[in-house]
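Geometric and topological summary
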Amino acid sequence: MSGGSSANTLAGVAIVDYARDASKGEWQYKTVSGSWTTIGASVALDSAILLKDTDSLRFVPAANFNGSAPVLGVRLIESGGAVYASGDSANLSGAAATGGSTVYSASGIT
């Protein structure tokens, strides 16, 4: 194939912004062979939760909850970096922790 990119591929996401609100429900992740794990604490850039591209993510609403799920902010992780386990924590708050030659995207998405 001519043209195209030789860049690395998507390896996962780092959850970098989440304010837990159990009255609305719970965000959970699951590995391919594991069980559902609740993201039980608020998350920020200095305590990012790492998930692989093969993991699943879901929102389980509280009984009788009607509305939008609490927002998750993420940074994309590209392949080519250090191997990590799903649910590992990383500090992405430093100026050199994201973008450039790192595997973490410089900008976040929700």
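Residues numbered from 1 in each chain as written. Predicted model: local features only at pLDDT ≥ 70, side-chain atom pairs only at ≥ 80, totals over all residues. Heavy atoms only, no water.

1. Observations concerning the packing of aromatic side chains
- Under the definition given, this model contains 2 aromatic pairs.
- Ring geometry for tryptophan 27 against phenylalanine 59: centres 5.4 Å apart, planes inclined by 55°, an arrangement best described as tilted. Here tryptophan 27 is found in strand E2 (residues 25-30), whereas its partner phenylalanine 59 is found in strand E5 (residues 56-61), with 32 residues between them in sequence.
- Look at tryptophan 27 and you get buried, because its relative accessible area is 14%.
- Measuring from ring centre to ring centre gives 6.4 Å for phenylalanine 59 and phenylalanine 65, while their planes differ by 70°; the resulting arrangement is edge-to-face.
- Among the aromatic residues, those joined into a cluster by ring pairs are Trp27, Phe59 and Phe65.
- Taking NZ or CZ as reference, lysine 52 lies 5.7 Å from the ring centre of tyrosine 84, over its face.
- Its guanidinium or amino end placed over the ring of tryptophan 36, arginine 58 lies 3.9 Å from that ring's centre, counting from NZ or CZ. (Phe/Tyr/Trp six-rings, centres within 6.5 Å; stacked < 30°, edge-to-face > 60°. Helix = DSSP H or I, 4+ residues; strand = E, 2+ residues; numbered from the N terminus. Buried < 20%, exposed > 50% of the residue type's maximum accessible area, 1.4 Å probe, protein only. Lys NZ or Arg CZ within 6 Å of the ring centre and 35° of its normal.)

2. Considering the nonpolar core
- Listed in full, the 11 residues of the largest apolar core are Ala11, Ala14, Val16, Ala48, Leu50, Ile77, Tyr84, Ala90, Leu92, Val103 and Tyr104.
- Of all the secondary structure elements, the ones that give two or more residues to this core are strand E1 (10-17) and strand E4 (48-52).
- With residues up to four places along the chain from it excluded, the contact list for alanine 90 reads Leu45, Asp46, Ser47, Ala48, Leu50 and Tyr104.
- Counting 10 residues, the second largest nonpolar core, distinct from the first, contains Tyr29, Val43, Ile49 and Val74. (Core = buried A, V, L, I, M, F, W, Y, C linked by side-chain atoms within 4.5 Å. Contact = heavy atoms within 4.5 Å.)

3. Digging into the confidence of the model for the protein
- The share of residues in the protein with pLDDT of 70 or more is 94%, and the mean pLDDT across the chain is 90.
- At the low end of the mean pLDDT range in the protein sits strand E7 (residues 89-90), at 93; at the high end sits E5, at 97. (pLDDT = per-residue confidence, 0-100.)

4. Observations regarding the sheet that holds strand E6 (residues 73-78)
- Taken together, 4 strands build an open sheet; the order of strands is E6-E1-E4-E7 and the sheet is antiparallel. In this open sheet, the two strands that pair with only one neighbour each are E6 and E7.
- Sheet topology places E4 next to E7; 2 bridges connect them, and they run antiparallel. In the sheet register, isoleucine 49 faces E7, and the bridge partner there is serine 89. (Pairing = 2+ DSSP bridges.)

5. Describing the sheet that holds E2
- Strand order across the open sheet formed by 3 strands is E3-E2-E5, with antiparallel pairing between neighbours. Sheet topology places strand E3 (37-38) and E5 at the edges, where each strand pairs with a single neighbour.
- Here 6 bridges tie E2 to E5, and the two strands are oriented antiparallel to one another. Of the residues in E5, the one forming a bridge with tryptophan 27 is phenylalanine 59.

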